Amino acid sequence: MAALVNFTAVQSRKYLRITDKFPTVSHSDGGLVEIGAVFPFKVETYDGETGTVKVEVSRDGTNFVSHDDEMQVVHEELYPIDDSKLPVPPPETKTQQSPT
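Fair warning: this is a prediction, and the values are worked out from it, not measured in the lab.

Criteria and thresholds
Residues numbered from 1 in each chain as written. Predicted model: local features only at pLDDT ≥ 70, side-chain atom pairs only at ≥ 80, totals over all residues. Heavy atoms only, no water. Salt bridge = Lys/Arg side-chain N within 4 Å of Asp/Glu carboxyl O. Buried < 20%, exposed > 50% of the residue type's maximum accessible area, 1.4 Å probe, protein only. Pairing = 2+ DSSP bridges. Helix = DSSP H or I, 4+ residues; strand = E, 2+ residues; numbered from the N terminus. Axes fitted to C-alpha atoms, helices over the stretch in contact; angles between N-to-C directions. Core = buried A, V, L, I, M, F, W, Y, C linked by side-chain atoms within 4.5 Å. Contact = heavy atoms within 4.5 Å.

### With respect to the pattern of salt bridges
Per the counting criterion, the structure on display carries 6 salt bridges. The residue Glu56 makes a salt bridge to Lys54 at a minimum N-O spacing of 4.0 Å. Of the residues examined, Glu56 reaches a relative accessible area of 11% and is grouped as buried. If you follow the salt bridges from partner to partner, you end up with Arg17, Lys54, Glu56 and Asp69 in one network.

Shown next as structure tokens:
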């Protein structure tokens, strides 16, 4: 049986990659999620309501890091994903103009 769970970005927009882990790693989906936008994900359940997913986050859509390796999720619940596990963005480099 499957459940539909929802994820949303808080603090900043970010790329999410969600992987269904029950009964085994079966499928992943993801994309850029804006603050407050809802990203729905269908997950297999072990009791008709509850499943387990891996949540990964990225600032650029290519370099993902784990946010939660074993997140328990429940049908129709909303899960906010914050910036706590996002890598710190590289400092902006300022180019100096030479005087003319």
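Picking up after the structure, the text goes on.
### Structural notes on the sheet that holds strand β5 (residues 50-58)
Strand pairing in a sheet is mediated by backbone hydrogen bonds. Such pairs are either parallel or antiparallel. One open sheet holds the 4 strands; their spatial order is β3-β2-β5-β6, and the pairing between them is antiparallel. Edge positions in the open sheet fall to β3 (28-33) and β6 (65-74), since each of these has one partner strand only. Across this sheet, the average inter-strand angle for adjacent strands is 25°, counted without regard to direction.

### Quick look at the environment of Gly61
Note that Gly61 resides in the loop between β5 and β6. Once the C-alpha coordinates of Gly61 and Lys14 are considered, the two residues, 47 residues apart in sequence, prove to be 8.0 Å apart.

### Looking at the nonpolar core
Within the largest apolar cluster, 18 residues are counted, with the highest numbers of intra-cluster contacts made by Phe7, Ile18, Phe41, Val53, Met71 and Val73. For this core, the secondary-structure elements that each account for two or more residues are β1 (2-9), β2 (14-20), β4 (38-44), β5, β6 and β7 (78-81). Broken down by element, the residue count for this core peaks at 4 residues, all from β1. Sequence-distant contacts of Val53, defined by excluding residues within four places in its chain, comprise Phe7, Ile18, Thr19, Asp20, Lys21, Phe41, Val43, Asp68, Asp69, Glu70, Met71 and Val73.

### Remarks on the pairing of β1
Of all the 8 residues making up β1, 6 are buried; the element is thus mostly covered by neighbouring parts of the structure. Looking at chain direction, β1 and β4 are connected through 7 bridges and run antiparallel. Bridge pairing links Phe7 to Phe39 in β4. Judged from the 4 bridges that link them, β1 and β7 form a sheet pairing that is parallel. Directly across from Phe7, in β7, lies its bridge partner Tyr79.

### Considering unusual backbone geometry
Excluding glycine, residues mostly have negative phi values, and the peptide bonds linking residues are mostly trans. Backbone torsion omega between Phe22 and Pro23 reads 0°, so that peptide bond is classified as cis. Mapped onto the fold, Pro23 is located in the loop between β2 and β3. You will see that Gln11, though not glycine, has its phi angle at about 80°, which is positive. Note on placement: Gln11 falls in the loop between β1 and β2. Overall, the relative accessible area of 57% leaves Gln11 in the exposed class.

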